[in-house]
Amino acid sequence: MPPAFALKRKAALTLAILLACGPARAQEAAQAQEVPPVPPIFSINGFGTVGVAHSSERRADFVATDLQRKGAGYSNDWSPYVDSRVGMQLNARFTPDLTGVAQVVSEQRYDGSFAPQVEWANVKYNITPDFSMRAGRIVLPSFLLSDARKVGYSSPWVRTPAEVYNLVPITNSDGIDFSYRQQFGNARNTIQASVGQGSAKAPPDNDITGKRGWGVFDTLEYGNTTFHVSYFRTRLTIEGTQDLEAMARLYGGSAGAALADKYGATDKPFEFYGVGASYETSRWFLMGEYGLINPHSAYGKRVGGYISSGYRIGQVTPYVTYAFADVKSNTSDPGMPLPPAWYPTYSTIAAMNARLNSVLSSAPVQQTYSTGLRWDAYKNVAVKFQFDHSRLGDNSYGMLNNRQSGYVRGGSYNLISATIDFQF
Amino acid sequence: MLMAAACQFAMAQDVVLVVSRKCSVSSLTQEQVADIFLGKTSTFPNGASVIPIDQQEGTGEREAFYHHFIGKTEAQVRTYWSKIVFTGKGYPPIEVVPPERVKRVIRDNPNYIGYIKRRDVDASVKVVVVLHP
């Protein structure tokens, strides 16, 4: 059905209902028409998590995302700052086809503060029942659970597996997206396309900026099974190594310029490829995702994946998860050729090479085995416990940050987490 | 008290899906019912628009309906809507109370669909046959 015709049809239907209601009410005065309840134009929903985490590694911090300043381990024995957050959402239904949403989230940020941030703020218009458009700040649906990633209540785990979900630091995009839904027999396919720009801030105070971004995301639902495929691309600038780039060009001649081009993180194409699938019945679930990023910079081509399964027994759902993160590009480089030791730039170039190698080796290599349970304790309240055992690659510190002197790369650590998720 | 307790244990065969007698729909597959109540479609298979209505949470009707027609517990339904609502993708069905009003809303509005106890069915509404796969 062409869109214009669908719209006309809808208008005609509304008119018909209105016309039908008028005389009916007059004629049947004795039997009043029951008017259905109308949902309010504005409504407010909220969600949040109160949690603590404890890590066995005391010389570094476990953090839930790369964007948090401090976590469990060094900063706090039992850290409430890793998983705790609160979000408020304002929903607006102007008409059945024109809706809006604004969500503000307070969680630990790059500076350790909980300053609230606008996670999304957009309006959605249904051009036809199956074709819609959104404009404003919109979630970037890179992953299977991107949409509700911050709503702990909606997921079976304490937190989404960092090995996959931390691959893409930017979670929302300021721009527009289109969504088109199609039915093929019993299968429903939704394809989404988005364009926009986004940003994030990483500790200590580094801007991560994505410009001229676009992506295509496809979700196929068939019975209890959901498949998700995504491709996303943006021009990414990661603040923090720009001085290194400039110095390499200044001191390094053509070799330095080549290194700056290869490893620089200024306006570089960042690509993400993701696939995921889930199977969920009222008894159990099985899901997995795999993602690959290529930032075309020193931050390295990385991959991550997880597989998780849980089984519901009454109000309790125990689960197990295996996750891994790996790097597919070089984690070291000889860097710029060193001049003789007496030369004035020797120490500068040696220091630059060391910094380049520290960035190259920052890509996490780790495997995590997790087990936990979700208990639907009350209406709109879920209590969760989780135990994680992470094994790090020989020369990797995985996703630990705030590393102190005496911290040794590699090895393993354990993490215990407890959270209470709620929504209202 | 006993009556209330008995309501809590309403079995599947005791809860039926109903539409207005003015509505041309007389049967739906279990999947179509799930799509309507989970907000995945806004139309009946014949193209007419459809608006689902829920009974109050904690009622035997609601629990039995979601268990037997959708295959989800109430906690799972809440988790599902949590994902949808917090992304602005949609809203759960409106709640109508009491059950007598559910019947009146459906009787007078051919685009609405709801569920009631089988013993509450009368000439004002039409029972929709749900085809199981």
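None of the values given here were measured: they were computed from a predicted structure.

Calculation rules
Residues numbered from 1 in each chain as written. Chains lettered and ligands numbered in written order. Predicted model: local features only at pLDDT ≥ 70, side-chain atom pairs only at ≥ 80, totals over all residues. Heavy atoms only, no water. Helix = DSSP H or I, 4+ residues; strand = E, 2+ residues; numbered from the N terminus. Contact = heavy atoms within 4.5 Å. Lys, Arg positive; Asp, Glu negative; His and termini not counted. Charge placed at Lys NZ, Arg CZ, Asp CG, Glu CD. Phe/Tyr/Trp six-rings, centres within 6.5 Å; stacked < 30°, edge-to-face > 60°. Buried < 20%, exposed > 50% of the residue type's maximum accessible area, 1.4 Å probe, protein only. Pairing = 2+ DSSP bridges. Axes fitted to C-alpha atoms, helices over the stretch in contact; angles between N-to-C directions. Buried area = accessible area lost by both parts, 1.4 Å probe. Salt bridge = Lys/Arg side-chain N within 4 Å of Asp/Glu carboxyl O. Polar contact = N/O pair within 3.5 Å; in protein donor to acceptor, adjacent residues only side chain to side chain. Nonpolar A, V, L, I, M, F, W, Y, C, P; charged D, E, K, R; others polar. Core = buried A, V, L, I, M, F, W, Y, C linked by side-chain atoms within 4.5 Å. pLDDT = per-residue confidence, 0-100.

Engineer: So, the overall build of chain B: which residues are in play, and what are the values?
Structural biologist: When you go through chain B residue by residue, the secondary structure sums to five helices and six strands. Residue pairs in contact within chain B that sit at least 24 positions apart in sequence constitute 71% of those at least 6 positions apart.

Engineer: Go over the overall build of chain A with me, naming the residues and quoting the values.
Structural biologist: Of the regular secondary structure elements, chain A holds five helices and 19 strands. For the C-alpha atoms alone, the extent of chain A along its principal axes is close to 105 × 50 × 40 Å. Across chain A, the fraction of contacts at a sequence separation of at least 24, relative to all contacts at a separation of at least 6, is 61%. Averaging the locations of the 39 positively and 34 negatively charged side chains of chain A gives two centres separated by 2 Å.

Engineer: Tell me about unusual backbone geometry, residues and numbers included.
Structural biologist: In this model, Pro203(A) is joined to Pro204(A) through a cis peptide bond whose omega is 0°. Note that Pro204(A) resides in the loop between β10 (187-202) and β11 (206-222). Of the consecutive residues Val97(B) and Pro98(B), the connecting peptide bond is found in the cis state with omega at -5°. Within the secondary structure layout, Pro98(B) lies in the loop between β4 (94-95) and α5 (99-108). With phi around 50°, Arg212(A) is a residue other than glycine that occupies positive phi space. Here Arg212(A) shows up in strand β11.

Engineer: Before we move on, can you summarise the packing of aromatic side chains with the specific residues and values?
Structural biologist: Residues and elements named next belong to chain A. The full count for this structure, using the stated rule, is 26 aromatic pairs over all chains. Relative to Phe324, the ring of Tyr290 has its centre 6.4 Å away and its plane inclined at 40°; by these criteria the two rings are tilted. You can see Tyr290 sitting in strand β14 (residues 284-294) and its partner Phe324 sitting in strand β16 (residues 316-327), a full 34 residues away along the chain. Tyr290 gets classed as partly exposed once you look at its relative accessible area, which sits at 35%.

Engineer: Go over the sheet that holds strand β6 (residues 125-131) of chain B with me, naming the residues and quoting the values.
Structural biologist: Residues and elements named next belong to chain B. Strand order in this open sheet of six strands is β2-β6-β1-β5-β3-β4, and the pairing throughout is mixed. Looking at strand neighbours, the two that pair on one side only are β2 (27-29) and β4, the edges of this open sheet. Lying over the sheet, α5 contacts β1 (15-20), β3 (51-54), β5 (112-117) and β6, oriented at roughly 145° with respect to β5.

Engineer: Any chance you could break down the interface of chain B and chain A for me, citing the residues and the numbers?
Structural biologist: Across the contact, 35 residues belong to chain B and 49 residues belong to chain A. When the two sides are added together, the surface that chain B and chain A hide from each other amounts to roughly 3,400 Å², 47% of it contributed by carbon and sulfur. Contact with chain A buries area across many residues of chain B, yet Arg78(B), Phe86(B) and Tyr91(B) alone supply 22% of it, more than any other trio. Linking chain B with chain A are six salt bridges. Where Glu57(B) meets Lys379(A), a salt bridge forms, and the shortest distance between an N and an O atom there is 3.7 Å. Counting across the chain B and chain A interface gives 15 residue pairs in polar contact (both at pLDDT 80 or more). For the side of chain B that touches chain A, the secondary-structure elements that each account for two or more residues are α2 (30-37), α4 (74-85), β4 and α5 of chain B. The element that contributes the greatest number of residues to the side of chain B that touches chain A is α4(B), accounting for seven residues. Taken together, the residues of the side of chain B that touches chain A break down into eight nonpolar, 14 polar and 13 charged.

Engineer: Talk me through the nonpolar core; I want residue IDs and the actual numbers.
Structural biologist: With 40 residues, the main nonpolar core has Val168(A) and Phe272(A) as its most contacted residues. Apart from the residues lying within four places of it in its own chain, the contact partners of Val168(A) are Ser142(A), Phe143(A), Phe232(A), Phe270(A), Phe272(A) and Ile293(A). Ranked by size, the runner-up nonpolar core spans 27 residues in total, among them Leu28(B), Leu38(B), Ile70(B) and Ile84(B).

Engineer: Describe the side chain of Asp61(A), naming the residues involved and giving the relevant values.
Structural biologist: All names here are of chain A. Examined against the element boundaries, Asp61 turns out to sit in strand β2 (residues 61-62). This buried residue, Asp61, is left without a salt bridge; Lys70 holds the nearest opposite charge, at 8.1 Å. A polar side-chain atom of Asp61 sits 3.1 Å from the main-chain amide nitrogen of Gly71. Side-chain polar atoms of Asp61 contact the side chain of Asn402, separated by 2.9 Å.

Engineer: Could you give an account of the confidence of the model for chain B, naming the residues involved and the relevant values?
Structural biologist: Residues and elements named next belong to chain B. Within chain B, residue pLDDT values average 86, and 89% of them lie at 70 or more. Segment residues 1-10: pLDDT under 50, and nine contacts once partners within four positions in sequence are set aside and those in other chains are kept. Complex prediction metrics read pTM 0.86 and ipTM 0.77.

Engineer: Would you mind going over the pattern of salt bridges in detail, with residue names and values included?
Structural biologist: A full pass over the atoms with the stated rule returns 32 salt bridges over all chains. Close ionic contact of Asp83(A) with Arg159(A) constitutes a salt bridge, the shortest N to O distance being 2.8 Å. You can see Asp83(A) sitting in the loop between β4 (78-79) and β5 (85-95) and its partner Arg159(A) sitting in the loop between β8 (131-139) and α2 (162-165), a full 76 residues away along the chain. Residue Asp83(A) shares its accessibility class with Arg159(A), and that shared class is buried. Among the ionic pairs, Asp205(A) bridges to Lys201(A), the shortest N-O distance being 2.6 Å. Judged by relative accessible area, Asp205(A) falls into the partly exposed class, the value being 41%. One network of salt bridges, with partners in common, ties together Lys379(A), Asp54(B), Glu57(B), Arg62(B), Glu74(B), Arg78(B) and Glu95(B).

Engineer: Quick one: what's the story with the pairing of strand β19 (residues 412-423) of chain A, residue by residue and with numbers?
Structural biologist: Residue and element names in this part refer to chain A. Burial of β19 is one-sided: the residues Tyr413, Leu415, Ser417, Thr419, Asp421 and Gln423 facing one way are buried, the residues Ser412, Asn414, Ile416, Ala418, Ile420 and Phe422 facing the other way are not. In the sheet, strand β1 (residues 42-55) pairs with β19 via nine bridges, with the strands oriented antiparallel. Paired with Thr49 across the two strands is Asp421, which belongs to β19. Where strand β18 (residues 381-392) lies against β19, 11 bridges are found, and the strand directions are antiparallel. Note that in β19 the partner of Arg391 across the bridge is Ser412.

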